[in-house]
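# An overview of the molecular structure
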Amino acid sequence: GRVLPVEEPDVSATVKATRVSVIIIGAGMSGITAGKTLSENGVKDLLILEARDEIGGRMMTHDFGGITIEKGANWIEGVNGPNVNPIIPIAKEIGLVNDRSDFENITNNIYGANGKVDLEVAEPANKFIEDLYESSESLALRLTNDTDVSVLTAQRFYGRFPVTPVEMALDYWYNDFTSAEPPRITSLKNTQPLPTDAIFGDDVYFVHDPRGYKSVVHHLANSYLENKNETITDNRLKLNTLVNKIEYSKEGVEVTTKDGTVYTSDYAIVSVSLGVLQSTAIDFVPDLPFWKLKAIYTFDMAVYTKIFLKFSKKFWSSGSGNKFWLYADERRGYYPIWENLDSEFPDANVLMVTVTDEESRRIEQQPDSETLDEIMGVLKNMFGKDVPTADDIYVPKWVADPLFRGSYSNWPVGAEPIVFQQLQAPVENIYFTGEHTSELYSGYVHGAHLQGMSIANSLLDCKKNQKCAPTAQVYDNLSRDCAGHLEAVSINSQNASSI
Ligand SMILES: Cc1cc2nc3c(=O)[nH]c(=O)nc-3n(C[C@H](O)[C@H](O)[C@H](O)COP(=O)(O)OP(=O)(O)OC[C@H]3O[C@@H](n4cnc5c(N)ncnc54)[C@H](O)[C@@H]3O)c2cc1C
């Protein structure tokens, strides 16, 4: 009889068994939404790789002082306008606990180095900053065919700009509290009027749900990933899986994780933050093309830090009209925006103070005890020397966190809208999503959500209909001159150093 051949291990079969259609890197709002869109359109062989031990990304809770606080995104922003923010129906479906934030009474709650600022000072200052804001907005509308300027440049056209501590605090409130960067940096043309406000409305709703704002992401994930009692059990989601290398070619994608495992796919969707892309955390092989890197490096990863303080008792007045306070220091941006969490958590005695940009970076570098000392100094200026020292403080460190490297993106002056097409354009079979790729809603939860859908649809169009997004050719031509110039510069400097 015939001897049966010894079965050789089928190498191609093992490769095929692990190869999937799409690998999604990052399980924040954008990555999870992209997976949902793919799944609903028949692409179910996907793999989601997430470095953290849970999904949600920058929608993240922290247990502090006996309550659940939001370390990252806190508000549903863009409500009560002409269009419905896509986060609202999801929030309604899961009964997400949230309340409209009322900022109306802010002039009544401005404090300076010597306690409460008189209304006689606060009201005209507020009127001035409001008018200044409106006038820069109208300049922005006239700039549509002109080159961009910064918000500060626009303020100078008004003839007078914020100088006193009270004016600076109000200016910070109107600008930095949203963009997390100062008017000197922020693009006027592309941020005023803010599309989120104009399209979805300028009301914001503060989320204070014990399940966290992240439960919105969980709800989206549970609609297509297997789960038991709301806990995801689907092995297409791999938590605690840090990606550090992405190799790509016409044949497909190889994604290597920290433990050395290699996952292969036809396509990848990269949803990590702009800050992560700007760092060297993920090694792209070959290097991303010049036009892509230029876009990544041009856009800004801003820093927005909410510091939480727990007190043994309240020394401030609660109740409506007292929720938000400004602190007007000679140093712009020094612990400027305060919010008590009394209406959400009546017995917790927790205050939240927001800092941004350089102050955030500075505060991240020092021990929390020093930050507490500074804050107690500020509170004593505001409320007098009898203010009790906080029992506990929580200072998130967004820049230091290698999985984020900042809080959210901001549009800097000089970045033209083409940057967005470049940020989201695929490189070969690598697609890019995330809040920073949204031209209209960058920086927001709804931006991340809408981009997740849009990028997944663009991948589907390429995969199913061979209608692929403009990629290398278009942008290569655009940036070849720049690239050529830079190469010439670096060749010249090499020559110089060899002399
Ligand atoms: C302090 C703060 C306050 C904010 N406030 C608001 C607000 O009030 N309202 C609002 O609308 N928006 C707010 N935002 C912005 C909002 O949180 C983001 O726009 C949105 O959550 C971004 O989602 P994303 O999916 O694009 O990115 P992410 O949430 O960052 O998701 C990316 C995921 O990738 C993972 N990852 C990173 N590197 C790797 C790697 N190498 N390998 C594997 N996984 C990796 C990360 O862990 C993360 O889970 C705030 C953000 C911060 C930080």
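Just so we're clear, the structure is a prediction, and the values are computed from it rather than from any experiment.

## Comments concerning helix α4 (residues 119-142)
With 24 residues, α4 should cover 34 Å at 1.5 Å per step; its first-to-last C-alpha distance of 34 Å lies within 8% of that length. On the buried face of α4, the contacting elements are β7 (110-112), α5 (151-157) and α6 (165-174).

## Quick word on the pairing of strand β13 (residues 243-249)
Pairing between β13 and strand β14 (residues 252-257): 6 bridges, direction antiparallel. Note that in β14 the partner of Tyr-248 across the bridge is Val-253. Counting the residues in the hairpin turn of β13 and β14 gives 2 residues. Relative to strand β16 (residues 283-285), β13 is paired through 3 bridges, and the arrangement is parallel. Looking at β16, one finds that Lys-245 is bridged to Asp-283.

## Concerning the site of the ligand
Close contacts around the ligand come from 41 residues, with Gly-26, Gly-28, Ser-30, Gly-57 and Ala-73 the closest. In terms of residue class, the shell around the ligand is built from 22 nonpolar, 13 polar and 6 charged. Shared between two domains, the shell around the ligand takes at least three residues from each, and those domains are domain 1 (11-59 + 213-298 + 408-482) and domain 2 (75-209 + 304-394).

## Thoughts on the domain arrangement of the protein
Assigned domains within the protein: domain 1 (11-59 + 213-298 + 408-482) and domain 2 (75-209 + 304-394). Once you take the C-alpha centre of each, domain 1 and domain 2 turn out to be 32 Å apart. When contributions to the side of domain 1 that touches domain 2 are tallied by element, the ones reaching two or more residues are α9 (215-222), β23 (408-410) and α15 (445-465). By residue number, the principal contributor to the side of domain 1 that touches domain 2 is α15, which donates 4 residues. For the side of domain 1 that touches domain 2, the class distribution of residues is 13 nonpolar, 6 polar and no charged.

## Some remarks on unusual backbone geometry
Here the bond from Gln-192 into Pro-193 is cis, since omega is -5°, no more than 30 degrees from zero. Along the chain, Pro-193 falls in the loop between α7 (176-179) and α8 (195-200). Omega for the bond connecting Val-285 with Pro-286 falls within 30 degrees of zero, at -5°, which places this linkage in the cis form. Along the chain, Pro-286 falls in the loop between β16 and α11 (290-298). One non-glycine residue, Ala-180, lies in the positive phi region at around 65°. With respect to the helices and strands, the residue Ala-180 is situated in the loop between α7 and α8.

## Some words on the sheet that holds strand β5 (residues 75-79)
Strand order across the open sheet formed by 3 strands is β5-β9-β6, with antiparallel pairing between neighbours. Pairing within the sheet leaves two strands with one partner each, and these edge strands are β5 and β6 (98-100). Taken over all neighbouring pairs, the strand axes of this sheet differ in orientation by 25° on average, direction set aside. By the bridge criterion, 4 bridges tie β5 to strand β9 (residues 203-207) in an arrangement that is antiparallel. Bridge pairing links Glu-77 to Val-204 in β9.

Calculation criteria
- Residues numbered from 1 in each chain as written.
- Predicted model: local features only at pLDDT ≥ 70, side-chain atom pairs only at ≥ 80, totals over all residues.
- Helix = DSSP H or I, 4+ residues; strand = E, 2+ residues; numbered from the N terminus.
- Expected span 1.5 Å × (residues − 1).
- Contact = placed C-beta atoms within 7 Å.
- Pairing = 2+ DSSP bridges.
- Near = placed C-beta within 6 Å.
- Nonpolar A, V, L, I, M, F, W, Y, C, P; charged D, E, K, R; others polar.
- Domains from an automatic or database assignment.
- Axes fitted to C-alpha atoms, helices over the stretch in contact; angles between N-to-C directions.

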